[in-house]
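A structural walkthrough
Here are the chains, one letter per residue:
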Amino acid sequence: MSSKPITLTLAALSAAALSGVAASASARSAHRTKGAAATAGAKVQVRHTSLGDVLVNGRGFTLYAFSRDGRNRNHCMSISGCRAIWPLDRTDGRPVAGRGVHRSMLGTIHLAGGVTQVSYASHPLYAYSGDSFAGETDYAGVSQFGGTWHAIRASGHLAG
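The structure reproduced in this document is the subject of the present report. The structure displayed is predicted, hence computed values, not measured ones.

Formed by 17 residues in total, the largest nonpolar core has its most connected members in Tyr64, Phe66, Cys76, Cys82, Trp86, Tyr126 and Trp149. At the level of elements, strand 3 (64-66), strand 5 (106-111) and strand 9 (147-152) are the ones that each hand at least two residues to this core. Aside from chain neighbours lying at most four places away, what touches Cys76 is Phe66, Asp69, Cys82, Arg83, Trp86, Tyr126 and Trp149. The next biggest cluster of nonpolar side chains, apart from the first, holds 11 residues, and it includes Ala42, Val44, Tyr120 and Ile152.

Written out as structure tokens, the structure reads:
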């Protein structure tokens, strides 16, 4: 009996396994960076949540401000591990103000490596990698990396 069918079967199994690993890694990466990937004209909008109306990204995930950041200054990038948990709300173009967002308060911060982060009322904006669903606010008010993470209202005031 020829070993060809076994070789083909093993090759097919290997390809399927590799495909599954790649898909799983891609899904994990998408979950970790939801809302953080750079897009031309990243959208910022308002959504009603358990904290009231707060800013969210184009996919509806809550955007956060970090208490250690200065005015239009990102401090998270200089803290080991911070950016992995709190990915930047990035843009490749001018951010788009959704309904309820004050266009005059929407801006950008230019960071090292050519990265542009969206800001609102001079607060650099971040997503939270652990958010499971759009509008989740469970991590507003959490202390981590030496500061506190807050959701932000359309008025520019912090929530949570």
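Glancing now at the state of the cysteines. Scanning all chains against the criterion turns up 1 disulfide. Linked covalently through their sulfurs, Cys76 and Cys82 form a disulfide whose S-S length is 2.0 Å. On the sign convention where negative means left-handed, the S-S torsion of about -115° between Cys76 and Cys82 marks this disulfide as left-handed. Both residues of the pair, Cys76 and Cys82, belong to the buried class.

Before going further, it helps to examine the sheet that holds strand 1 (residues 43-49). The 3 strands are arranged 2-1-4 in an open sheet whose pairing can be described as mixed. Strands with a single pairing partner mark the edges of an open sheet, and in this sheet they are strand 2 (52-57) and strand 4 (96-97).

Turning our attention to the pairing of strand 2. In terms of residue burial, strand 2 counts as a mostly covered element, since 5 of its 6 residues are buried. Here 6 bridges tie strand 1 to strand 2, and the two strands are oriented antiparallel to one another. Across the sheet, residue Thr49 finds its bridge partner in strand 2, namely Gly52. Counting the residues between successive antiparallel strands, the hairpin from strand 1 to strand 2 contains 2 residues.

Here 6 bridges tie strand 5 to strand 6 (residues 115-120), and the two strands are oriented antiparallel to one another. Bridging across to strand 6, Leu106 finds its partner in Tyr120. A loop of 3 residues connects strand 5 with strand 6, the two strands running antiparallel in sequence, and Gly113 in this loop sits at a positive phi of about 80°.

A positive phi angle is found at Ser122, which is not glycine, with a value near 70°. Counting through the fold element by element, Ser122 comes out in the loop between strand 6 and strand 7 (123-124). Within the chain, Phe145 stands out as a residue other than glycine whose phi angle is a positive 60°. Mapped onto the elements, Phe145 comes out in the loop between strand 8 (142-144) and strand 9.

The rules behind these values
Residues numbered from 1 in each chain as written. Predicted model: local features only at pLDDT ≥ 70, side-chain atom pairs only at ≥ 80, totals over all residues. Heavy atoms only, no water. Core = buried A, V, L, I, M, F, W, Y, C linked by side-chain atoms within 4.5 Å. Buried < 20%, exposed > 50% of the residue type's maximum accessible area, 1.4 Å probe, protein only. Helix = DSSP H or I, 4+ residues; strand = E, 2+ residues; numbered from the N terminus. Contact = heavy atoms within 4.5 Å. Disulfide = S-S within 2.5 Å. Pairing = 2+ DSSP bridges.

Note that every value here comes from positions in space, so none of it alone points to a role or purpose.
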